[in-house]
Every structure is written in structure tokens, then in C-alpha cells.
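# Per-entry structural report
Letter by letter, the chains look like this.
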Amino acid sequence: MDHQHYMSQALALAREAAQAGEVPVGCVIVRAGVVVGRGRNRREEKRSALSHAETEAIRQANAALGSWRLEDCALYVTLEPCCMCAGACLNARLERVVYGAADPLAGCLGSRIDLFRMELEGAPPPRILGGVLEEDCAALLREFFLLQRRRAPAGVPPVSRPTRPSALLW
């Protein structure tokens, strides 16, 4: 598997998210070398806390494959998944999760906590690979939040501005 190739596709989706005023996170799901799901953050657009890049890509892959089980698929995402998305990866039975930038304050694949190490009944957790195109992924996040801070009037945070300090780490 060419991890950089698929992460580059996720980065392109993250750039689309940034252009739309969303936090720049992109995701692709791959099965047998074919992208079967794509997603990018759409929380502001859809006004939904559930519209993370990973959940969007998982929904699309489920529809493309006609199954909720993604056992022979790999998910590529530009930012280490949060607890909701890590849980979605577990429930989708993904084989592998590959991420770009770590999230030390909210990442749930080892940076803050590791949901995949918890003892759960059922299918084994996905294998994890972090740090693929890490600097490119982190730079996109840094640039986005720097621009957001510059645009915000003093004392008034923009809608997309993160309320957690981890955004300052990228």
C-alpha cells in the first residue's frame, strides 16, 4: 500500500474543507487499492457535530460497498481521530487506520488516549499507523487556525475557531 499516495488524497479533501471555512481534515477509505469513501469536515455546512471527515467517508464507503462492515478497508485521515471517530472506526470493523498529524490533547489513537487498546468483545481493533505526511497535515492546520485568529475581531471567536488549546499545537 502506498500510504503517502492515499494521504495525499486525504490532504486534497482537507484543503477543500479549509476553502469552505471548515477545519481542514480530510479522509479516504481504500479497499483493494480503490478509494471507496471520501469525506471532509462539514460541521459548519451541515450544522452537525457528527459531520467529521471520518464519519462522512465511512458513510460513503458503507453505501458503495453495501455493508456496514469495512473489514478489508483502510482509512486515511489527516488528523488523529477524536473519540467519536475512533469509535466509528471500531464499529465499522476497519482493518487499518492511518493518520497524518497527531492531536496531543484530543487524539484517541495514542496521543491522549488509545481507544483501540481497550478490551472490547468482537472484532480486533484496526492496526494504527501515524505520522504519514505529518508535517504537511500539521502545516495545513497551523495555517488555517492562524488565518482564523487573524480574521477574528478582538474578543469574538469565529464560528470555526477551535475552543480547545490543541489547535495551537499544529
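What comes next is a walk through the structure. (Residues numbered from 1 in each chain as written. Predicted model: local features only at pLDDT ≥ 70, side-chain atom pairs only at ≥ 80, totals over all residues. Heavy atoms only, no water.)

Taken as a whole, this structure holds eleven salt bridges when the rule is applied. The residue Arg42 makes a salt bridge to Glu56 at a minimum N-O spacing of 3.9 Å. Placement of Arg42 in the loop between β2 (34-40) and α2 (43-46) and of Glu56 in helix α3 (residues 53-65) is noted, with a sequence separation of 14 residues between them. Measuring nitrogen to oxygen at the nearest pair gives 2.4 Å for the salt bridge that ties Arg142 to Glu135. For Arg142, a relative accessible area of 34% puts it in the partly exposed group. Several salt bridges converge on common partners, so that one network encompasses Glu16, Arg40, Arg42, Glu45, Lys46, Glu56 and Arg59. (Salt bridge = Lys/Arg side-chain N within 4 Å of Asp/Glu carboxyl O. Helix = DSSP H or I, 4+ residues; strand = E, 2+ residues; numbered from the N terminus. Buried < 20%, exposed > 50% of the residue type's maximum accessible area, 1.4 Å probe, protein only.)

Turning next to the nonpolar core. Counting residues in hydrophobic clusters, the biggest one holds 46 residues, and the most contacted among them are Met7, Ile29, Leu70, Leu75, Tyr76, Leu94 and Phe116. Elements represented by at least two residues in this core include exactly α1 (3-19), β1 (26-31), β2, α3, β3 (73-79), α4 (83-91), β4 (96-101) and α5 (134-151). When residues no more than four places from it in sequence are discounted, the contact partners of Leu75 are Cys27, Val28, Ile29, Glu54, Ile58, Cys89, Leu94, Arg96, Val97 and Val98. (Core = buried A, V, L, I, M, F, W, Y, C linked by side-chain atoms within 4.5 Å. Contact = heavy atoms within 4.5 Å.)

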